[in-house]
Amino acid sequence: KDLISAETNFREDPLNAIILGFNVEEDDEVKDLIKESKIKVLKNEVIYRLIEDLIEFQKEKENEIKREKLTKLTSVCKLKILPQYVFRNSNPAVFGVLVESGKLRPGTKLIDDEGKEIAKVKNIQEQNKSVKEATKGSEIAISLPGIMFDRVLAETNNLYSNLSEKQFKQFKDNKDLLTTDEIQALQKIAQIKRKEKPTWGV
């Protein structure tokens, strides 16, 4: 009954979809159900430690939920172009990049070091397979429609996600949820944007 109640509560209030067990054990049937469930079970024989565990879990869960909402906005990234891997010059341009910071997803709009809008990422491939996300350290191929690589990117070293001021401020307000390399990418994007508008994102 406790597990069913917690699962019912999960969609509306995941922070409180938890089962607390003070000095108790689950029976074998419930243990199997818990393995297949998203519900967190916290147990302890000391009541104050159980409360501490609950507070810690809720804090971590809250940060996880915030981060999921944040990353749905767009991805923050810095890419290094690998000019030795140009697979197609145009229609779309397909070439290799190294993800130096952050994450890249299809649909991400990119700018260059000068803040010029380049294109929106159509597709990402890693080891000849399409992927939905590429993380720091990944060497991938991206396809950009509407540009010719040799005309637009031949002299370009890096690309960055093109954030709006609103998106930037949301990331900035929640930077405790970002990784160190995501923060570095965010700072670089702000520097680029402020070349044209000194008060951008302030």
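Data block above holds the structure.
The sections below set out a description of the structure shown in this document. Small disclaimer: the values here were computed from a predicted structure and weren't measured.

Topic: unusual backbone geometry
- Going from Asn91 to Pro92, the amide bond is cis rather than trans, its omega being -15°.
- Note that Pro92 resides in the loop between strand 3 (77–88) and strand 4 (93–104).
- The phi dihedral of Gln127 falls on the positive side, at around 55°, and the residue is not glycine.
- Tracing the chain through its elements places Gln127 in the loop between strand 7 (123–126) and strand 8 (129–130).
- For Gln127, a relative accessible area of 73% puts it in the exposed group.

Re the nonpolar core
- Grouped together as the largest cluster of nonpolar side chains are 21 residues, with contacts concentrated most on Leu79, Phe95, Leu104, Ile142, Leu144 and Leu153.
- For this core, the secondary-structure elements that each account for two or more residues are strand 3, strand 4, strand 6 (117–120) and strand 10 (139–144).
- Here this core gets five residues from one element, more than from any other, and that element is strand 4.
- Residues contacting Leu153, with those up to four places away along its chain left out, are Ile81, Phe95, Ile118, Leu144, Ile147, Met148 and Leu159.
- Counting residues in each nonpolar core, the second largest holds 13 residues, with Val76, Ile111, Leu186 and Ile192 among its members.

Comments concerning a nonpolar patch on the surface
- A surface patch of nonpolar side chains, about 510 Å² in accessible area, is lined by Phe22, Ile47, Tyr48, Ile51 and Ile55.
- The element best represented in the nonpolar patch is helix 3 (residues 47–71), accounting for four residues.
- Within the secondary structure, Ile47 sits in helix 3.

A word on the layout of surface pockets
- Considering only enclosed or pocket space, the largest pocket measures out at about 290 Å³ in volume.
- Sorting the residues of the lining of the largest pocket by element identifies helix 1 (2–10), strand 1 (18–22), helix 2 (28–35) and strand 2 (40–44) as the ones contributing at least two each.
- Of the residues assigned to the lining of the largest pocket, the class counts are 10 nonpolar, one polar and five charged.
- Of the pockets and cavities examined, the second largest pocket occupies roughly 190 Å³.
- What lines the second largest pocket is simply Leu82, Tyr85, Phe87, Gly96, Val97, Gln125, Glu126, Gln127, Asn128, Glu139, Ile140 and Ala141.
- Within the residue set of the lining of the second largest pocket, elements represented by two or more residues are strand 3, strand 4, strand 7 and strand 10.

Calculation rules
Residues numbered from 1 in each chain as written. Predicted model: local features only at pLDDT ≥ 70, side-chain atom pairs only at ≥ 80, totals over all residues. Heavy atoms only, no water. Helix = DSSP H or I, 4+ residues; strand = E, 2+ residues; numbered from the N terminus. Buried < 20%, exposed > 50% of the residue type's maximum accessible area, 1.4 Å probe, protein only. Core = buried A, V, L, I, M, F, W, Y, C linked by side-chain atoms within 4.5 Å. Contact = heavy atoms within 4.5 Å. Patch = residues over 30% accessible without salt bridge, like charges linked within 9 Å, V, L, I, M, F, W, Y side chains within 5 Å. Areas by Shrake-Rupley, 256 points an atom, 1.4 Å probe, with all protein chains shown as cover. Salt bridge = Lys/Arg side-chain N within 4 Å of Asp/Glu carboxyl O. 1 Å grid on protein atoms, 1.4 Å probe; cavity = no way out; pocket = protein on both sides within 12 Å on 5 of 7 lines; lining within 4 Å. Points joined across faces, edges and corners; volume = space filled by probe spheres on them. Nonpolar A, V, L, I, M, F, W, Y, C, P; charged D, E, K, R; others polar.

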